[in-house]
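# Summary of the model geometry
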Amino acid sequence: MANTTATDVIQSFQSTFQDKKVFPEGLEMMWLKKANGRYSVELEPLNFDDATKEYDKELNQYTIDTLAEFMKQLYQEREVSRVNKIASIVTKDISFDGMGNNKKFASDELKYVAEKTQSMVDNQKPTAYA
């Protein structure tokens, strides 16, 4: 039984996209570190070694998928920011936004991912009936 690696989580993250997205490795690692931090605060501490890029144990698939969804939420927040910064032309007579409904769709996607990550966190918390 081998320890889970950063690559395992990053592959789960990348599998959430229909088309292949290429991100700089440094950006993916930053998202992974933030996901580890969030998981450690909201659920249970995770021990991740930056030097070896692996955890101190084998993580179950649901934990890996939760970390990947945390990463996707960080990606989507960045995407919403990018879409919102695309120039719009607004004058007294005309308003033009070259993005059409993209801003709404990006925001809707972020809302969906945020709700999904919260549900995944809630699923891993002990119930009050224990």
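The following refers to the structure shown. (Residues numbered from 1 in each chain as written. Predicted model: local features only at pLDDT ≥ 70, side-chain atom pairs only at ≥ 80, totals over all residues. Heavy atoms only, no water.)

The next thing to look at is helix α2 (residues 25-42). Because the α-helix completes a turn every 3.6 residues, residues three or four places apart line up on one side. In a regular helix each residue adds 1.5 Å, so 18 residues correspond to 26 Å; α2 covers 25 Å between its end C-alpha atoms and thus fits that length. For α2, the set of buried residues is Leu27, Glu28, Met29, Trp31, Leu32, Ala35, Asn36 and Tyr39. Residues of α2 that are buried sit in contact with α1 (6-14), β1 (48-49), β2 (54-55), α3 (61-85) and α4 (102-124). (Helix = DSSP H or I, 4+ residues; strand = E, 2+ residues; numbered from the N terminus. Expected span 1.5 Å × (residues − 1). Buried < 20%, exposed > 50% of the residue type's maximum accessible area, 1.4 Å probe, protein only. Contact = heavy atoms within 4.5 Å.)

Okay, the layout of surface pockets next. Considered as a void within the structure, the largest pocket measures approximately 230 Å³ in volume. Lining the largest pocket are 16 residues, with Lys21, Tyr75, Gln76, Glu79 and Glu109 positioned closest to its centre. Every element with two or more residues in the lining of the largest pocket is listed here: α3 and α4. Here the residues of the lining of the largest pocket are counted per class, giving six nonpolar, four polar and six charged. (1 Å grid on protein atoms, 1.4 Å probe; cavity = no way out; pocket = protein on both sides within 12 Å on 5 of 7 lines; lining within 4 Å. Points joined across faces, edges and corners; volume = space filled by probe spheres on them. Nonpolar A, V, L, I, M, F, W, Y, C, P; charged D, E, K, R; others polar.)

For α3, spanning 25 residues, the distance from its first C-alpha to its last is 36 Å, which sits close to the expected 36 Å at 1.5 Å a residue. Put simply, Asn60 is the residue that caps the front of α3, since its side-chain oxygen is 3.0 Å from the backbone nitrogen of Tyr62. (Polar contact = N/O pair within 3.5 Å; in protein donor to acceptor, adjacent residues only side chain to side chain.)

Bringing the nonpolar core into the picture now. Side chains of nonpolar character tend, in soluble globular proteins, to be buried together. Formed by 24 residues in total, the largest nonpolar core has its most connected members in Val9, Phe13, Trp31, Leu32, Tyr55, Leu67 and Met71. Mapped by element, the contributors of at least two residues to this core are α1, α2 and α3. Top element by residues in this core is α3. It accounts for seven residues. (Core = buried A, V, L, I, M, F, W, Y, C linked by side-chain atoms within 4.5 Å.)

Looking now at the packing of aromatic side chains. Aromatic ring pairs: the centre-centre distance and the angle between the two ring planes describe each pair. Under the defined criterion, the tally for this structure stands at nine aromatic pairs. Both rings, one in Phe13 and one in Trp31, keep their centres 5.8 Å apart while their planes meet at 70 degrees; by these two values the pair is edge-to-face. Linking Phe13 in helix α1 with Trp31 in helix α2, this pair joins segments that are 18 residues apart in sequence. In this pair, the class of Phe13 matches that of Trp31, namely buried. The class of Trp31 is buried, set by a relative accessible area of 5%. Counting every residue linked through ring pairs, the aromatic cluster contains Phe13, Phe17, Phe23, Trp31 and Tyr75. One cation-aromatic arrangement involves Lys72 over Phe17; the distance from NZ or CZ to the ring centre is 5.4 Å. (Phe/Tyr/Trp six-rings, centres within 6.5 Å; stacked < 30°, edge-to-face > 60°. Lys NZ or Arg CZ within 6 Å of the ring centre and 35° of its normal.)

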